[in-house]
Amino acid sequence: MQKVITVLPGDGIGPEITEQAVKVLKAVAGKFGHKFIFQYGLIGAAAIDACGNPYPEETHNMCIASDAILFGAIGDPKYDNDPSAKVRPEQGLLKMRRELGLFANIRPVELFPSLANRSPLKEEIIKGVDMVVVRELTGGIYFGEPRGRSEDGSKAYDTCVYSKPEVERISRVAFNMATGRRGVVTLVDKANVLATSRLWREVVTDIHKNEFPQITLNFLFVDNAAMQLVTNPSKFDVLLTENMFGDILSDQASVLTGSIGLLPSASIGDKVPLFEPIHGSYPQAAGRNIANPLATILSAAMMLNDAFHAKDEAEIIKNACRAAIEQKILTEDLAESGKAFSTTETGDWIEGYILNN
Ligand code: IPM
Ligand code: MN
């Protein structure tokens, strides 16, 4: 097959980790006789520096004209501590999600058994964790209007809005996902307080009854969900939730398995799908060749599987990552002290595994 992949390295460690994933995709292409054409675009602080716009039109056009997007990370500390900044790198990411219609963010949380002892939780609690967070990504408080400051600057407000069709489409994604798994969807909300959450319950209940009666649907308030994610994480199969709750809970869920540096994600919608590591731009590590490239490499595997339906190709990448972990080819976040491999060494090892297996 021939596919065009837009690579958006972004900020911080983004360029280093996407480079490793591209290396791995090239190895897969060579091995399986595919042609992947890579094109590179600017986003985030890198794009602000270059042209003042965190999601330039040129980048958008490039994305639209491709089969999938591989995204690194966004964010730069020079904006984090400057609340008065007019343009922020994150606006680029939000604009891209919105303009590409990426309404569903899929974040699988799977345990590599050999890393069970690296979890902040006890081994008996972490055992068997295998869940997917399905986060709504283009609605809610992230995008609702009105938002801003009162004229005298003494008040600020954000608005959480959801429409029925927005909830319907994301709940179908979650129910479909559960169909290929253990068949349990947990809707996480705050229906005891929020009107939007009550709409979610109503709509998800209807979709469940009318379209997916074979799936088990549970409800959980978000505060309780936060607690159960650390006391009983293996009970979750598909966790469905709105944008802001999903942002918070998916970070929490992601560290259960030992390192946030391991977890990939997919954002899908009605146009081109995007694949990215869950972790952020980790600016302290930028340019130091120490960041864990596995989350991005596993995101490339998700791209092959979900977007290109290339199951064997995705599987060999996952096997390579599993083997790397078992053979202790680990970056600083997971290695014993003094035994860390660099970002590029890890990428090279995985490339070598693919070419030789
Ligand atoms: C994420 C990130 C983004 C979000 C930020 C960078 C805007 O935290 O992808 O989870 O909040 O969605
Ligand atoms: Mn986040």
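The structure displayed is predicted, hence computed values, not measured ones.

1. So, the site of ligand 1
Reasoning step 1: Around ligand 1, the neighbouring residues are Glu90, Leu93, Arg97, Arg107, Arg135, Tyr142 and Asp247.
Reasoning step 2: Interatomic distance of 2.8 Å between a side-chain N/O atom of Arg135 and an oxygen atom of ligand 1.
Reasoning step 3: Between ligand 1 and Asp247, the relevant distance is 3.0 Å, taken from an oxygen atom to a side-chain nitrogen or oxygen of the residue.
Reasoning step 4: Residues that form the shell around ligand 1 fall into these classes: 2 nonpolar, no polar and 5 charged.

2. So, the nonpolar core
Reasoning step 1: Ile5, Val134, Leu240, Leu304, Ile317, Ile350 and Ile354 are the most contacted members of the largest nonpolar core, which totals 85 residues.
Reasoning step 2: In terms of residues, this core owes the most to one element, helix H11 (residues 294-307), which gives 8 residues.
Reasoning step 3: Two domains share this core, each providing at least three of its residues, namely domain 1 (1-102 + 264-357) and domain 2 (120-257).
Reasoning step 4: One finds Ile43, Leu93, Leu100 and Leu102 within the second-largest nonpolar core, a separate group that totals 13 residues.

3. Focus: helix H7 (residues 164-179)
Reasoning step 1: The end-to-end C-alpha separation of H7 is 22 Å, in line with the 22 Å expected for 16 residues at 1.5 Å each.
Reasoning step 2: Residues Glu166, Val167, Ile170, Ser171, Val173, Ala174, Phe175 and Ala178 constitute the buried set of H7.
Reasoning step 3: Tucked into the core, H7 has its buried residues touching strand S4 (104-110), strand S5 (130-136), strand S8 (184-189), helix H8 (195-211), strand S9 (216-221) and strand S10 (238-241).

4. Section: the packing of helix H12 (residues 311-326) against helix H13 (residues 343-356)
Reasoning step 1: Contact geometry for H12 and H13: axes closest at 9 Å, N-to-C directions at 125 degrees. Relative to H13, the element H12 lies oblique. The handedness of the crossing between H12 and H13 is right-handed. Side by side, H12 and H13 meet where Ile316, Ile317, Asn319, Ala320, Cys321, Ala323 and Ala324 of the first sit next to Trp349, Ile350, Tyr353 and Ile354 of the second.
Reasoning step 2: Here the contact of H12 with H13 is built from residues that sort into 10 nonpolar, 1 polar and no charged.

5. With respect to the sheet that holds strand S2 (residues 35-40)
Reasoning step 1: Within the open sheet, the 10 strands sit side by side as S2-S1-S3-S12-S11-S4-S5-S10-S8-S9. Their pairing is mixed. Lying at the two open borders of the sheet, with one neighbouring strand each, are S2 and S9. Looking at each pair of strands side by side, their axes are set apart by 25 degrees on average, direction ignored.
Reasoning step 2: Bridge count for S5 against S10 is 4 bridges, and the pairing is parallel. Counted as the bridge partner of Val133 is Leu239 from S10.
Reasoning step 3: Its contacts with the sheet put helix H3 (residues 57-64) on strand S1 (2-10), S2 and strand S3 (68-73), and the angle it makes with S1 is roughly 150 degrees.

What counts as what
- Residues numbered from 1 in each chain as written.
- Chains lettered and ligands numbered in written order.
- Predicted model: local features only at pLDDT ≥ 70, side-chain atom pairs only at ≥ 80, totals over all residues.
- Heavy atoms only, no water.
- Near = heavy atom within 4 Å.
- Polar contact = N/O pair within 3.5 Å; in protein donor to acceptor, adjacent residues only side chain to side chain.
- Nonpolar A, V, L, I, M, F, W, Y, C, P; charged D, E, K, R; others polar.
- Core = buried A, V, L, I, M, F, W, Y, C linked by side-chain atoms within 4.5 Å.
- Buried < 20%, exposed > 50% of the residue type's maximum accessible area, 1.4 Å probe, protein only.
- Helix = DSSP H or I, 4+ residues; strand = E, 2+ residues; numbered from the N terminus.
- Domains from an automatic or database assignment.
- Expected span 1.5 Å × (residues − 1).
- Contact = heavy atoms within 4.5 Å.
- Axes fitted to C-alpha atoms, helices over the stretch in contact; angles between N-to-C directions.
- Parallel < 35°, antiparallel > 145°, perpendicular 65-115°, else oblique.
- Left-handed = near helix turned anticlockwise from the far one by under 90°.
- Pairing = 2+ DSSP bridges.

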